[in-house]
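# Structure assessment
The residues making up each chain are set out below.
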Amino acid sequence: MDKTILSQVNAENAEVICAKIREETDSEVNAILGRAQSQAQQILQEARAQAAQKQATQLTILEKDLEKTREKAHSSLSLEKKRFTLEGKNTVVLSVLELVKHKADDFRRSAGYGDFLQKAIVEGAQVIEQQDLEIRFSYKDERLFDEKFIAQVNAACAAVVSGGCSLRVRKEEFGDIGVIVSSRDGRMMFDNRFTARLERMYESIYMDLLREA
């Protein structure tokens, strides 16, 4: 074969081979690029999904924190409201009790005060349950403790104390309405003054007024 022709054939074959190589290379490169693009897309989707999940988790945590904050604020507001309400009621109750004390002192000038004193003495006699009793009264009530009143009270006490009773009366410097009844030897005493009676009933009266206030 002519050398010129052989050289031409070899050149053509080389060109065909190169073209084939280029084609295969391009095909492989395109395949690699396609896989890389697919993987990149998948990674991006996974990243977006993870970000969305993280965001949702953080949002849930934030909502829970906000709910706790709202509940705490509501609870604090409710407690504060109750405190103000209770303080207001307490002021009303104390005012009522203070008014009662003033009214009690006014009661001393009423027509029924003598009967009140007699009942207070008889009640004390029933508690002490002794025949020899001492009655201590306020200096403000001295006008009431005349012989007639003492005799009436003595008879009333004798009716409730076994074996009768004997009273000895004594004026004291306290200004409260009511009396203090004690045994003659001083071992037993029943304070039946208004303040003492109020103290014994204070808790019950206070709660009743608080409920009504």
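Summary of the structure given here. (Residues numbered from 1 in each chain as written. Predicted model: local features only at pLDDT ≥ 70, side-chain atom pairs only at ≥ 80, totals over all residues. Heavy atoms only, no water.)

Under the definition given, this model contains five aromatic pairs. Between Tyr113 and Phe116, the aromatic rings sit 5.9 Å apart at their centres with planes inclined by 25 degrees, giving stacked as the arrangement. A residue pair is termed a helical-turn pair when its members lie 3 or 4 positions apart in one helix, as Tyr113 and Phe116 do in helix α2 (residues 113–128) at three residues. Taken as a pair, Tyr113 and Phe116 share a single burial class, namely buried. When the ring of Phe137 is compared with that of Phe145, the centres are 4.0 Å apart and the planes differ by 10 degrees; the resulting orientation is stacked. In this structure, Phe137 and Phe145 share a single accessibility class: buried. An aromatic cluster is defined as three or more aromatic residues linked by ring pairs; in this entry it consists of Phe107, Tyr113 and Phe116. The side chain of Arg193 reaches across the aromatic face of Phe174, ending 4.7 Å from its centre. (Phe/Tyr/Trp six-rings, centres within 6.5 Å; stacked < 30°, edge-to-face > 60°. Helix = DSSP H or I, 4+ residues; strand = E, 2+ residues; numbered from the N terminus. Buried < 20%, exposed > 50% of the residue type's maximum accessible area, 1.4 Å probe, protein only. Lys NZ or Arg CZ within 6 Å of the ring centre and 35° of its normal.)

Let us look at the pattern of salt bridges. Following the criterion strictly, the structure yields eleven salt bridges and no others. Across the pair Glu134 and Arg136 runs a salt bridge whose closest N-O atoms are separated by 3.9 Å. For the pair Glu134 and Arg136, a shared accessibility class is recorded, and that class is buried. The partner of Arg193 in a salt bridge is Asp191, with the nearest N and O atoms 2.7 Å apart. (Salt bridge = Lys/Arg side-chain N within 4 Å of Asp/Glu carboxyl O.)

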